[in-house]
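Examining the three-dimensional arrangement
Spelled out, the chains give:
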Amino acid sequence: MTICIPRFAITPHREVFMSPKWNVFSATCPSRTSLAQIANKWTAMIVITLSNEPKRFSELHRTIEGISKKVLVDTLRSLERDGMLERAEHAGHRVYALTPLGASLEEPLLALQVWAEAHIEEVLVSRDAFDERADDEALAAADSAGDQSSRRMR
C-alpha cells in the first residue's frame, strides 16, 4: 500500500505543490520510472539538443557523441512513448521535436548541464584524491597481508 501525503517543494524560485497521488520514494509508484527516464544521461542530452529546434535522427547522432544508434533509437522511442517528444515531417524529412511536456524539462536539464560543466574541475580533483586514498589503502592492506603470511612461513 502506498501512503500519499501532500507535499510542497520549496525552491529558490518558487513553491510547487507536489501531487499527493504520486511519490517517487515508493517502490511501486509509476512516477519512479518517469524519474529514471528523466535522470538518464541520454535523455538529458536529447532534450537539451532538441530545445532549440527539431532535429533529424542523423543530426542527433552526430551531435550527441558516444551514443550508439541503438541506444538513440531506444531512448527516442521511450521519450515518444512518454509523450515528451514526437516524430514529425519537416521539409520532407522525419524530425524529432519536443512536445510541451518534453519542453517543460528544458529548464531543469539545462540547469544540470550548467552545473556539470561549472563543477567538473572540482569533481575531477575529488575523484583523483579518492582514487589516491583507495590505492594507498589497498597497498597498506597488501603490505599488512604480506607481513602476516611471511610470519606464518617462519
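All values derive from a computational prediction rather than experimental measurement.

**Side note on the nonpolar core**
- By size, the foremost hydrophobic cluster in this structure holds 18 residues, and its most contacted members are Ile46, Leu50, Leu60, Leu76 and Leu85.
- Among the elements that line this core, the one with the most residues is helix α2 (residues 41-50), at six residues.
- Residues within four places of Leu60 in sequence aside, it is in contact with Thr49, Leu50, Lys55, Leu72, Leu76 and Tyr96.

**Side note on the pattern of salt bridges**
- The full count for this structure, using the stated rule, is three salt bridges.
- A salt bridge links Lys55 to Glu53, with the shortest nitrogen-to-oxygen separation between them at 3.4 Å.
- Its salt-bridge partner being Glu80, residue Arg87 comes within 3.1 Å of it at the nearest N-O pair.
- Look at Glu80 and you get partly exposed, because its relative accessible area is 28%.

**What about unusual backbone geometry?**
- Its identity is not glycine, yet Ala91 carries a phi of approximately 55°, on the positive side.
- By the element assignment, Ala91 lies in the loop between β3 (85-90) and β4 (93-98).

**Focus: the side chain of Ser31**
- With respect to the element layout, Ser31 can be found in helix α1 (residues 31-39).
- The contact partners of Ser31, leaving out residues within four places of it in the chain, are Trp22, Asn23 and Val24.

**Things to note about the confidence of the model for the chain**
- When the pLDDT values of the chain are averaged, the result is 87; 83% of them are 70 or greater.
- In this model residues 1-6 is a low-confidence stretch, pLDDT under 50, and it forms eight contacts with partners more than four residues away in sequence or in other chains.

**Concerning the packing of α2 against helix α4 (residues 69-81)**
- Contact pair α2 / α4: the axes reach a minimum separation of 10 Å and the direction vectors enclose 75°. Judged on the interaxial angle alone, α4 and α2 are roughly perpendicular. Touching Trp42, Thr43 and Ile46 of α2 are Val71, Leu72, Thr75, Leu76 and Leu79, all from α4.
- Among the residues making up the contact of α2 with α4, the classes are represented as six nonpolar, two polar and no charged.

**Brief notes about the pairing of β3**
- Judged from the six bridges that link them, β3 and β4 form a sheet pairing that is antiparallel. Its bridge partner being in β4, Leu85 is matched across the sheet by Leu98.
- Between β3 and β4, which pair antiparallel in sequence order, lie two residues; one of them, Ala91, sits at a positive phi of approximately 55°.

What counts as what
- Residues numbered from 1 in each chain as written.
- Predicted model: local features only at pLDDT ≥ 70, side-chain atom pairs only at ≥ 80, totals over all residues.
- Heavy atoms only, no water.
- Core = buried A, V, L, I, M, F, W, Y, C linked by side-chain atoms within 4.5 Å.
- Buried < 20%, exposed > 50% of the residue type's maximum accessible area, 1.4 Å probe, protein only.
- Helix = DSSP H or I, 4+ residues; strand = E, 2+ residues; numbered from the N terminus.
- Contact = heavy atoms within 4.5 Å.
- Salt bridge = Lys/Arg side-chain N within 4 Å of Asp/Glu carboxyl O.
- pLDDT = per-residue confidence, 0-100.
- Axes fitted to C-alpha atoms, helices over the stretch in contact; angles between N-to-C directions.
- Parallel < 35°, antiparallel > 145°, perpendicular 65-115°, else oblique.
- Nonpolar A, V, L, I, M, F, W, Y, C, P; charged D, E, K, R; others polar.
- Pairing = 2+ DSSP bridges.

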